[in-house]
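Residues per chain are reported as follows:
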Amino acid sequence: MKCPLASFVRAHLLLCLGLLRCGEARVHTEVQAGPLYRVAGSPLSISCNVSGFVSETTTKDIEFRVVKPANPNHEIHIISTRDLNFAYAGYRKRVERKEITLTHVTPNSILFEIQSLERGDEGEYHCSVINSEYAYDGTYSASTTLKVIDNSLSVSSPASTSLSCNEGDAFTLSCQASANTVQHTHLSLAWYLRRDDEDSAHPIVSLDRDFSLNPGPGFEDRHQAGLIKLDKLGEATYKLTIAHLEVSDQGRIYCQAQEWIQDPDRSWYTIAQKDGEETTLKVKATEVLPDTSSMEVVISAKPEILQDGQELSLFCHVESHDLQQRFISVAWLRGNVELARIGPTGILSVGPEYSRREKEGELVAARTGERDYGLKLQHVKTEESGAYVCRAWLQDRGPDGAFTQRATHESHSQLVGISASESGLSVEMQNASSVNEGFRLELKCKVLGGKGQLSVTWQRKSTPTAIFASVISLSQEGVAEKAEEFKSRKVNAMRPAPDTFTLELDEVRPSDSGVYECAVHEWNINTKTHSKSDSATVKVTPADSFVKVNLMSRSNTVTQGETLHLMCRVGGPRLPMTLTWSLQRDASTIDDILTLYSDGSISWSVEQQRYQLKIDTKGNQVIYYLIINGASHKDAGNYECRVSVVLEKVHKKLTPSNRLAVSVKNPESKLVLTATAALSVNVNTGIEMKCSVISEPAASSRYSVTWLLQQPGENKTIVISDRDALVTFGPTIVPSHRERVSVKRTKGPSFEFSIQRVEISDDGSYTCEVVEWLPDPHGDWYQLSPVSKTTQLTVNEPVNDLRLDYIQHPPAAREGDEVELKCNIISGASSSFFYKVSWLYTAHDSSTTNVLVELDHTGLLSYPKNQELGDLQGRLRLSRPTRSSFPLGIQRAREEDGGTYRCAVEQYQLDHEGHWQKKASNRTGPIPLTVNVAEKSLSIAKEDKRLNISRSQHFHIPCHITHQSSSESEFQVTWFWQKETETEKRPLFTAYRNSTLHDRFGKGDQLRFGHPLPNQFSLTVLKPSPEDSGLYFCEVEEWLPSLSRGWRKLAVENSGYLTLDVYVEGGVKAASEQQCQWPIWMGVLIVIVICSLLVIFLLVVMKCRRKASGRQKPDQNLWAEEHPLKEKPIADD
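Each value, and the rule that gives it
Residues numbered from 1 in each chain as written. Predicted model: local features only at pLDDT ≥ 70, side-chain atom pairs only at ≥ 80, totals over all residues. Heavy atoms only, no water. Helix = DSSP H or I, 4+ residues; strand = E, 2+ residues; numbered from the N terminus. Buried < 20%, exposed > 50% of the residue type's maximum accessible area, 1.4 Å probe, protein only. Contact = heavy atoms within 4.5 Å. Areas by Shrake-Rupley, 256 points an atom, 1.4 Å probe, with all protein chains shown as cover. Disulfide = S-S within 2.5 Å. Salt bridge = Lys/Arg side-chain N within 4 Å of Asp/Glu carboxyl O. Patch = residues over 30% accessible without salt bridge, like charges linked within 9 Å, V, L, I, M, F, W, Y side chains within 5 Å. Phe/Tyr/Trp six-rings, centres within 6.5 Å; stacked < 30°, edge-to-face > 60°. Pairing = 2+ DSSP bridges. Axes fitted to C-alpha atoms, helices over the stretch in contact; angles between N-to-C directions. Polar contact = N/O pair within 3.5 Å; in protein donor to acceptor, adjacent residues only side chain to side chain. Arc of directions from axis to C-beta. pLDDT = per-residue confidence, 0-100.

**A word on the overall build of the protein**
Working step 1: If you tally the helices and strands in the protein, you get nine helices and 87 strands.
Working step 2: Looking at the protein residue by residue over its 1133 residues, the buried ones come to 40%.
Working step 3: The contacts of the protein with a sequence gap of at least 6 include a subset with a gap of at least 24, amounting to 59%.
Working step 4: Looking at the protein as shown, the accessible area adds up to about 62400 Å², and 51% of this sits on carbon and sulfur atoms.

Below, the structure written as structure tokens:
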């Protein structure tokens, strides 16, 4: 009897294990709370944690899915730690490229990451843990919502430039950063320094998202001393100030802005980051550290004497102790002019006078040995003769990588003689000249000693350190050729005399300033033999520099009706000019007032009556006065004076004057009021409040009056009487209230406010707010500051004996049922009273209370319009079965009808004048209502069995539903299999509720599905193999239709376990037969006994039938034994 005993023990072990699990913590899956707002293109990380499993050290398999807003009923697989092919097609490539990853942080926590978000990634993300244990107990999935927004972060800074400063100088740099994100975000900004030869940047100072300043490492002391500052100017400008530059500050400086958003878990997250343009800063050291070390520098030249046009080589040899371990810089100089230098890191830099020649390949310098340096200069000129020296110095590199210069050492002077060639060509330009903008520039170039044919090239460079660029050339044949930049300009190159070349440039501009060079070339046939050049500096004076415009006023704030004086001062030479006065009242519109032309005519753009123009000449300047009589608010704004001069019959606009802001203020109000004292009245009485002006009014004054009511938690405007005595009611005043309110004006002036038939709702503080209006010079009315007085009104009402009865906790209802909520008057009811009843509703997930239905005291039934509650209102039935009962019925209740209901009752009575008077009011407490789809009562047969079969046999996995929650339920059944030694369950087969069948394990040829009855399902496995041994069970999902939300999953239950052992014939079979032989023989014996009893029973029945037939007349038969032959009858018979 080993087989039944083993099954019995196993069943009890499973039961005990289940009981032990009941006392442990439930499985809990937790994901980062949402919604998470992230920027498209930025990375995303979502953490997911699991707890409550029996084994906390076993690594859990986790899957991530997403539900997109466009298809909320469809889950898309993204990534799984167990199945490499888990992802759907839309995400498979990104997972394969490692753009989407799932990484275990601990065995029970994981990090889901997307390297670069796309707009289509928005949705609800589900983190699901795969259960590896026998029982299901807890939550195995959690979700969070992701919102993908556009990147609106903008960072702008000055274009990339190069600045050169001395050590100790002050340095400032600005950066603008802003964002247009709809959600609430914070900005942080930091300034960074990226030193030369370093990849990483160092933070200088930063302004955090919480507006705290933090200096970077190495900058703390200077920040604390106030030498490094970060100031925020306005809404978006961040200014960096370094009061005292150090050599270590050299490098590339830029700003970096970050946009932060606070997630629902209160943590801050960077959603966007942008860098500004880099500015290169060079800091020249001013201090030279003393150096006691010896150094010997030797210079040599080859050749020492040469002619112009030849090549000169200069060599520099340096001797010093331990030179291999030191940094050294070498420079070549002619007098005080530096030709070139090689820095401590081997970088060549060329002096400004030789930069062009270095770019053309005429100057080359390099380190030729461990202690040797060489420089080659081609096409030397006679003016480059002189004494050359080689200068060298050691440099120490600090911890921050910055170099500090030590003492310099110079070689002896090396004389180099450069003689002129035989041509004797020389060129001389006139001295530097200055020309005003718009005029002609004329330059002359004198040539001496020229032989043969000559050509000339005129060149220009804007600064001494720039490179010469061609303007125009004149060939030896006399052909002029303009440079590309000057083809549209009026420029000429001429040779008025054999020894003179001229350049003429008409209508010069300030950008034409610079150094002009005349380069003359001597030619022999088609070969250039010699070249000589000379240069001169030309400065073009812009018109802005000799015509200055300034706008001022003795006072830029005036009171209504006063006179405003504005002065436009124009200084400079007397040139024909046009002057325009303009006014900017808002940010986009500029209005001209008048224009004074050069011929003296005036064009007015406004009414001339209030404006005067006056001109006063003082020395080298002219003052234009604009006088505005009787200023008003229309004259407020930013004034500007613009001047244009006439040069060469062309109007050139100059820089406008400064803008002068003018404001016009109202005079101070001298209004004094007096008001009625506090009032205390009973309900249904009339009251009158008075508000009077006791100060002396102006003859043209008018008044507007506003009556306000202040009650706890609410301020509202009752009635307004404007300056023309036009009366309007406040937007919240209902018609019934308006009928009881009246206002009027009396002499004084006085303002009266009356309320007829005072109600309890009229109780509160009444404010009389009076505004005095005066006309301005334009006839427009302007108001002075308001003055107010307050009267406290107290309304007394009789004792309220109105009491209501209701069911505080009605039973939960099922969808489709009819629900009735009670509301009964239990005291205060009388035949002389009429009642207004309102049913109020507050949804479960809302704090807003809405009126569903209203039955007023006149019997009028109304449903206030509410689009969200329209469906519920259409199924309501408010009845009045008795005088004091007002139940509310809900037909075909739905799940979303759940919430909190209240019944509000107001008591009314007609007075002797036929007017309705409100006597009392009351409302019930909250009446919570819950509507369920159905009670969960799904039950599955849970019988654990053990089965031993051979490979040639089949086995069945039954799934019997013993009880269901509703007759309308539909089921989805899934069969699972797992090995006894493992915890992973594997789905075999699913029968969906829409009759769709799905082979989950790829064994469709071995599986047979059966559904004989609505509540019975079975799965047959044909000819299993020993590998199919294990635990089998089914999982049933119960689905039920909801009236408003479609099909919903109501419950999930599992069947008992079928433990299967599959053996191979000849081995396990023999042992099994020996162990379980007695049940087989017992079964055979029972079958034989039953068959024997059945045969005996049939024989007895047959015998009984024969006896019964013997008593009846026998039928004729062929057998003689039963029917003997009759004798032949005789004649007597």
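There is more to say after this.
**Points about the state of the cysteines**
Working step 1: On inspection of all chains with the given rule, the structure shows eight disulfides.
Working step 2: The side chain of Cys823 participates in a disulfide bridge whose partner is Cys903; the two sulfur atoms lie 2.1 Å from each other. Handedness here is read from the sign of the S-S torsion; for Cys823 and Cys903, about -70°, the answer is left-handed. Here the residue Cys823 occupies a position in the loop between strand 66 (819-821) and strand 67 (824-827), and Cys903 occupies one in strand 73 (residues 899-910), the gap between them amounting to 80 residues. Each member of the pair Cys823 and Cys903 is classed as buried.

**Thoughts on the pattern of salt bridges**
Working step 1: This model, assessed by the stated rule, comprises 40 salt bridges.
Working step 2: For the salt bridge of Arg82 with Glu984, the shortest nitrogen-to-oxygen distance reads 2.8 Å. On the criterion of sequence distance, the pair formed by Arg82 in the loop between strand 5 (75-80) and helix 2 (89-96) and Glu984 in the loop between strand 80 (970-978) and strand 81 (986-991) is long-range, its members being 902 residues apart.
Working step 3: When its relative accessible area of 37% is taken as the criterion, Arg82 is described as partly exposed.
Working step 4: For Glu984, a relative accessible area of 28% translates into the label partly exposed.
Working step 5: Residue Glu504 is joined to Arg440 by a salt bridge in which the shortest nitrogen-to-oxygen separation is 3.8 Å. Of this pair, Glu504 sits in strand 39 (residues 500-505) while Arg440 sits in the loop between strand 33 (433-436) and strand 34 (441-448), and the two are 64 residues apart along the sequence.
Working step 6: Residue Glu504 is classed as buried on the basis of its relative accessible area of 18%.
Working step 7: One continuous salt-bridge network, built from bridges that share partners, spans Arg440, Glu442, Glu504 and Asp506.

**Things to note about a nonpolar patch on the surface**
Working step 1: Residues Met1082, Leu1085, Ile1086, Val1089, Ile1090, Leu1093, Ile1096 and Val1100 make up a contiguous nonpolar surface patch of about 750 Å² in total accessible area.
Working step 2: Note on placement: Leu1093 falls in helix 9 (residues 1077-1110).
Working step 3: Accessibility expressed as a relative area gives 55% for Leu1093, which makes it exposed.

**Let's talk about the packing of aromatic side chains**
Working step 1: Across all of its chains, the model carries 20 aromatic pairs by this definition.
Working step 2: With 5.1 Å between their ring centres and 70° between their planes, Phe327 and Phe403 make a pair best called edge-to-face. Highlighted residues: Phe327 in strand 24 (residues 327-334) and Phe403 in strand 30 (residues 403-410), separated in sequence by 76 residues.
Working step 3: Take Phe403: its relative accessible area is 18%, and that puts it in the buried class.
Working step 4: Clustering of aromatic rings is evident, with ring pairs tying together Phe955, Trp977, Phe1001 and Tyr1032.

**Structural notes on the sheet that holds strand 77 (residues 939-940)**
Backbone hydrogen bonds hold the strands of a sheet together, and the pairing may be parallel or antiparallel.
Working step 1: The four strands lie next to each other as 77-79-84-83, forming an open sheet whose pairing is antiparallel. Two strands close off the open sheet at either side, each with one partner strand: strand 77 and strand 83 (1007-1013).
Working step 2: Pairing between strand 83 and strand 84 (residues 1016-1021): five bridges, direction antiparallel. Within strand 84, the position partnered with Leu1007 by the bridge is Val1021.

**Remarks on unusual backbone geometry**
Working step 1: With an omega of 5°, the peptide bond running from Gly34 to Pro35 counts as cis.
Working step 2: Relative to the helices and strands, Pro35 is located in the loop between strand 1 (28-31) and strand 2 (36-39).
Working step 3: Note that the residue after Gly748, namely Pro749, is joined by a cis bond; omega there is -5°.
Working step 4: Look at Arg266: it is not a glycine, yet its phi comes out positive at around 75°.
Working step 5: Structurally, the position occupied by Arg266 is in the loop between strand 18 (251-262) and strand 19 (268-275).
Working step 6: Even without glycine at this site, Ser995 takes up a positive phi of about 70°.

**Remarks on the sheet that holds strand 12 (residues 171-178)**
Working step 1: Here we have four strands laid out as an open sheet, ordered 10-12-17-16, and antiparallel in their pairing. Single-partner strands in this sheet number two, and they are strand 10 (154-156) and strand 16 (228-233). If you compare each strand with its neighbour and ignore which way they point, the axes differ by 20° on average.
Working step 2: The pairing of strand 16 with strand 17 (residues 237-242) spans six bridges and is antiparallel. Looking across to strand 17, one finds that Asp231 is bridged to Lys239.

**Things to note about the side chain of Thr974**
Working step 1: Relative to the elements of secondary structure, Thr974 occurs in strand 80.
Working step 2: Classification of Thr974 as buried rests on a relative accessible area of 5%.
Working step 3: A polar contact is formed between the side chain of Thr974 and the side chain of Thr990, at a distance of 3.1 Å.
Working step 4: Look past the residues within four positions of Thr974 in its chain and what remains in contact with it is Pro987, Phe989, Thr990, Arg1000, Phe1033, Cys1034 and Glu1035.

**Remarks on the environment of Gln909**
Working step 1: Counting through the fold element by element, Gln909 comes out in strand 73.
Working step 2: Once the C-alpha coordinates of Gln909 and His857 are considered, the two residues, 52 residues apart in sequence, prove to be 9.0 Å apart.
Working step 3: Residues contacting Gln909, with those up to four places away along its chain left out, are Ser832, Phe833, His915, Trp916, Gln917 and Lys919.

**Concerning the pairing of strand 68 (residues 834-843)**
Working step 1: Of all the 10 residues making up strand 68, seven are buried; the element is thus mostly covered by neighbouring parts of the structure.
Working step 2: Looking at chain direction, strand 68 and strand 73 are connected through 10 bridges and run antiparallel. Residue pairing for strand 73: Tyr841 is matched across the bridge by Tyr901.
Working step 3: What sits between strand 68 and strand 69 (residues 849-855) in their antiparallel hairpin is a turn of five residues.

**Comments concerning helix 2**
Working step 1: Among all positions in helix 2, only Tyr91, Arg94 and Val95 are buried. Along the axis of helix 2, the buried residues cluster in a sector spanning 100°; they form a single face. Facing away from the buried side of helix 2, by more than 90 degrees, are the exposed residues Ala89, Lys93 and Glu96.
Working step 2: On its buried side, helix 2 packs onto strand 4 (62-67), strand 5, strand 6 (100-106), strand 7 (109-114) and strand 8 (123-129).

**Some points on the pairing of strand 9 (residues 141-149)**
Working step 1: Across four bridges, the pairing between strand 2 and strand 9 is parallel. Note that in strand 9 the partner of Tyr37 across the bridge is Lys147.

**Some points on the side chain of Asp897**
Working step 1: With respect to the helices and strands, Asp897 occurs in the loop between strand 72 (888-890) and strand 73.
Working step 2: For Asp897, the side chain forms a polar contact with the side chain of Arg875, separated by 2.9 Å.
Working step 3: Filtering out sequence-adjacent residues up to four positions away, Asp897 remains in contact with Tyr841, Leu872, Arg875, Ile890, Arg892, Leu929 and Val931.

**Points about the confidence of the model for the protein**
Working step 1: For the protein, per-residue confidence averages 83 on the pLDDT scale, and residues scoring 70 or more make up 89% of the total.
Working step 2: Scored below 50 in pLDDT, residues 1-25 makes 20 contacts in the model with residues more than four places away or belonging to other chains.
Working step 3: Confidence over residues 1067-1076 falls short of pLDDT 50; this stretch has six contacts with residues more than four positions distant or in other chains.

**So, the environment of His126**
Working step 1: Mapped onto the fold, His126 is located in strand 8.
Working step 2: On the basis of relative accessibility, which here comes to 13%, the residue His126 falls in the buried class.
Working step 3: When the C-alpha positions of His126 and Val66 are compared, they lie 6.0 Å apart, and in sequence the two are 60 residues distant.
Working step 4: In this structure His126 touches Glu63, Phe64, Arg65, Val67, Glu75, Ser141, Ala142 and Ser143, once residues within four positions along its chain are discounted.
Working step 5: A polar contact is formed between the side chain of His126 and the side chain of Glu124, at a distance of 3.0 Å.

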